[in-house]
Amino acid sequence: MLTHWIPGVDRLGTHGRWAFVEFTDVWQIEDDFAEKVQAEFDMMLVGVGI
């Protein structure tokens with residue numbers, strides 16, 4: 001996923017930006033998901049110079 005699928009889809013440029021994360025604790029998924037989305041969003045902003 002991280003070395004082939006995600007970079008390939010991102011390079012295509014027609015399906016937005018993708019990221020990958022594996023959740024293992026069912027009771028923690030909601031918080032972990034929110035943290036991952038925020039981290040990826042922050043990285044995207046840094047990438048565009050904001």
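Remember, it's a predicted structure, so these values are computed and weren't measured experimentally.

1. Brief notes about the packing of aromatic side chains
No. 1: For the structure on display, the rule yields 2 aromatic pairs.
No. 2: With a centroid separation of 6.0 Å and an interplanar angle of 70°, the aromatic rings of Trp 5 and Trp 18 are classed as edge-to-face. Note that Trp 5 is positioned in helix α1 (residues 5–12) and Trp 18 in the loop between α1 and α2 (29–47), a separation of 13 residues in sequence.
No. 3: You can call Trp 5 partly exposed: its relative accessible area is 46%.

2. Considerations on α1
No. 1: Where α1 is concerned, the buried positions are Ile 6, Val 9 and Asp 10. For α1, the angular spread of the buried residues around the axis is 100°, confining them to a single face. Set apart from the buried face of α1 by more than 90 degrees, the exposed residues are Arg 11 and Leu 12.

About the criteria used
- Residues numbered from 1 in each chain as written.
- Predicted model: local features only at pLDDT ≥ 70, side-chain atom pairs only at ≥ 80, totals over all residues.
- Heavy atoms only, no water.
- Phe/Tyr/Trp six-rings, centres within 6.5 Å; stacked < 30°, edge-to-face > 60°.
- Helix = DSSP H or I, 4+ residues; strand = E, 2+ residues; numbered from the N terminus.
- Buried < 20%, exposed > 50% of the residue type's maximum accessible area, 1.4 Å probe, protein only.
- Arc of directions from axis to C-beta.

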